[in-house]
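Okay, here's what each chain looks like letter by letter:
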Amino acid sequence: MKHEIDVFKATDADAATLAETIRHKDKLEMIQWTANGPEFACVESLRQSDVCFAAYTKDGELLGMFGAKVDNVLEATAIIWGLSTEAANRHKIAYVANSKKVLDMIFKAMPDVQEFHNWVSNDYPEAQNWVEWMGGGFSIKGSRRGFGNSIFREFYILNPYYKEDNTCA
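Residues numbered from 1 in each chain as written. Predicted model: local features only at pLDDT ≥ 70, side-chain atom pairs only at ≥ 80, totals over all residues. Heavy atoms only, no water.

**Here's the deal with helix 3 (residues 38-48)**
Right, on to step 1. Turning to helix 3, its buried residues are Pro38, Ala41, Cys42, Glu44, Ser45 and Leu46.
Right, on to step 2. Buried residues in helix 3 make contact with helix 1 (12-21), helix 2 (24-34), strand 2 (51-57), strand 3 (62-72) and strand 4 (77-84). (Buried < 20%, exposed > 50% of the residue type's maximum accessible area, 1.4 Å probe, protein only. Helix = DSSP H or I, 4+ residues; strand = E, 2+ residues; numbered from the N terminus. Contact = heavy atoms within 4.5 Å.)

In structure tokens, the structure reads:
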């Protein structure tokens with residue numbers, strides 16, 4: 001299929017490539033949220049993730065990285081994230097069509113997580129549309145300020161593979 005991608009477990013080399021080729025709007029959102037540039041954020045996102053994948057076009061261009069980290073075991077929640085490269089702009093159909101495939105891999109790898117969440121900038125409507133396209137919704141908890149007075153909305157995505165363990169130890 002013309003729009004297929006390759007997905008691999010992400011490496012330090014993938015994080016370095018992502019930092020060099022990150023999509024401009026992803027870079028701005030990252031700075032608004034963390035006050036750090038892409039070099040720090042890409043490496044730390046990979047390092048802190050329990051699960052992390054890199055998505056490539058069939059001809060070897062990095063489209064982006066996607067990862068997640070459990071943040072509350074008792075509530076069965078995890079932080080999920082995705083950062084894309086400028087190549088995602090050139091290969092929009094492949095990127096969008098396969099984002100669900102990559103998220104599905106994360107969901108399957110983390111069956112103890114019921115809900116994934118994170119924050120997205122109000123200055124990045126394409127990212128908010130992507131969240132909705134992936135089946136996510138937005139929290140009614142309100143918003144949060146980032147650096148430079150940017151506003152972020154919390155989103156969530158439910159894990160269809162969640163396996164609640166009701167057994168007592």
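Let us keep going from here.
**Section: unusual backbone geometry**
Right, on to step 1. The residue Ala76 is not glycine, and still its phi comes out positive at about 55°.
Right, on to step 2. Backbone geometry at Asn149 places phi at a positive 60°, although glycine is not the residue there.
Right, on to step 3. With respect to the helices and strands, Asn149 occurs in the loop between strand 6 (137-145) and strand 7 (151-158).
Right, on to step 4. Judged by relative accessible area, which is 59%, Asn149 ranks as exposed.

**Remarks on the side chain of Glu154**
Right, on to step 1. Note that Glu154 resides in strand 7.
Right, on to step 2. A polar contact is formed between the side chain of Glu154 and the side chain of His117, at a distance of 3.2 Å.
Right, on to step 3. For Glu154, the contacting residues outside a window of four places in its chain are His117, Asn118, Trp119, Gly137, Phe138, Ser139, Lys141 and Gly142. (Polar contact = N/O pair within 3.5 Å; in protein donor to acceptor, adjacent residues only side chain to side chain.)

**A look at the pairing of strand 3**
Right, on to step 1. Inspection of the sheet shows strand 2 paired to strand 3 by 6 bridges, in the antiparallel sense. Note on strand 3: the bridge partner recorded for Val51 is Ala68.
Right, on to step 2. In sequence, strand 2 turns back onto strand 3 through a hairpin of 4 residues, with Gly60 there showing a positive phi of about 90°.
Right, on to step 3. Taking the residues that link successive antiparallel strands as the turn, the strand 3-strand 4 hairpin has 4 residues, and the phi of Ala76 there is positive, at about 55°. (Pairing = 2+ DSSP bridges.)

By themselves, these figures tell us nothing about what the structure is for.
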